[in-house]
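# Overview (structure and organization)
The chain contents come next:
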Amino acid sequence: MVKQVIITRPYHDDETAYLHSFMKYIVNTGKNQSDIHLTDLEGKDATRKNLEINAREGAKLICLNGHGTAYEVKGHDNEPILDKTNVAITKGAIVHALACDSLVKLGKQSVEYGARAYIGYSAQFMVSRDPARSSSPEKDKNALPIRKACNITLITLLNGESVQKAIDLTKREYKKLIKTYGNSEDDPYGDAAVIGFALTWNLSFLGFEGEGGARI
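Report follows, based on the coordinates. (Residues numbered from 1 in each chain as written. Predicted model: local features only at pLDDT ≥ 70, side-chain atom pairs only at ≥ 80, totals over all residues. Heavy atoms only, no water.)

With that out of the way, let us pick up the sheet that holds strand 2 (residues 36–42). Strand order in the open sheet made by the six strands is 2-1-3-7-8-9, with mixed pairing throughout. The sheet is open, and its two borders are formed by strand 2 and strand 9 (206–210), each paired with just one other strand. The mean inter-strand angle of the sheet, taken between neighbouring strand axes irrespective of direction, is 15 degrees. On the sheet, helix 4 (residues 103–112) packs against strand 8 (117–121) and strand 9 and is oriented at approximately 175 degrees with respect to strand 8. (Pairing = 2+ DSSP bridges. Helix = DSSP H or I, 4+ residues; strand = E, 2+ residues; numbered from the N terminus. Axes fitted to C-alpha atoms, helices over the stretch in contact; angles between N-to-C directions. Contact = heavy atoms within 4.5 Å.)

Shown next, in the form of structure tokens:
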């Protein structure tokens, strides 16, 4: 059975450009899997209307990337694309949100309206960045550790593993990377401390609502 996957990838500012870059590998991976039909709502296509239309096709995994609050996740130009007024579109799906704070309220609301699980962050989602690389996020070595950890969550889900396993493997990777950057001796610019803080912060606030055993 082919599984429907939706990814939103706005890139209208520095923050969303980094998340857009993070998801390139996931998009390519999903499109190369014969059992996955991936819809990439990129840039200006990351709108509320497009998300709602595509979610009606019975998406098994909805990956949201953008600015967020406890009550919403935003798309292109910060348009709220998922909130309490349309959260029912997540019914039957696993939601993964790289967005600040959304697990706090929106995650619970999604599950109440029928989402099988909602993976996200209950505080700010942090990306350690090199300001000199703001125009080319894919080349930013400071952001690379965050991207590695986030990719593990989605690759695990795309491979048919459970939400709980995806969370466990991601947290394991966060801890591994924290040790790596905490022990860095060659760090003339002090980047390791910034990276380590972002990794530790994200580890602390990553979680999920719903079924730990849910799979796409």
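Now, onward.
Attention now goes to helix 1 (residues 14–22). Counting buried positions along helix 1 yields seven of nine residues, so the element is predominantly enclosed. Residues of helix 1 that are buried: Thr16, Ala17, Tyr18, Leu19, His20, Ser21 and Phe22. On its buried side, helix 1 packs onto strand 1 (3–9), helix 2 (24–31), strand 2, strand 3 (61–65), strand 7 (94–98) and helix 5 (144–158). (Buried < 20%, exposed > 50% of the residue type's maximum accessible area, 1.4 Å probe, protein only.)

Let us look at the nonpolar core. By size, the foremost hydrophobic cluster in this structure holds 38 residues, and its most contacted members are Leu61, Phe125 and Tyr174. Examining the composition of this core, we find that six residues originate from one element, helix 5, more than from any other. The contacts of Leu61, once residues within four sequence positions are left out, are Gln4, Val5, Ile6, Ile94, Leu154, Leu157, Leu158 and Ile216. Core analysis: the next-biggest nonpolar cluster, separate from the first, contains 18 residues, Leu51, Leu82, Leu103 and Leu106 among them. (Core = buried A, V, L, I, M, F, W, Y, C linked by side-chain atoms within 4.5 Å.)

The three strands lie next to each other as 4-5-6, forming an open sheet whose pairing is antiparallel. Looking at the sheet topology across the chains shown, the edges are occupied by strand 4 (68–69) and strand 6 (80–82). Pairing of strand 5 (residues 72–74) with strand 6, which is carried by two bridges, proceeds in the antiparallel orientation. Each bridged residue has a counterpart across the sheet, and for Lys74 the counterpart in strand 6 is Pro80.

Function cannot be inferred from these measures alone, as they are strictly geometric.
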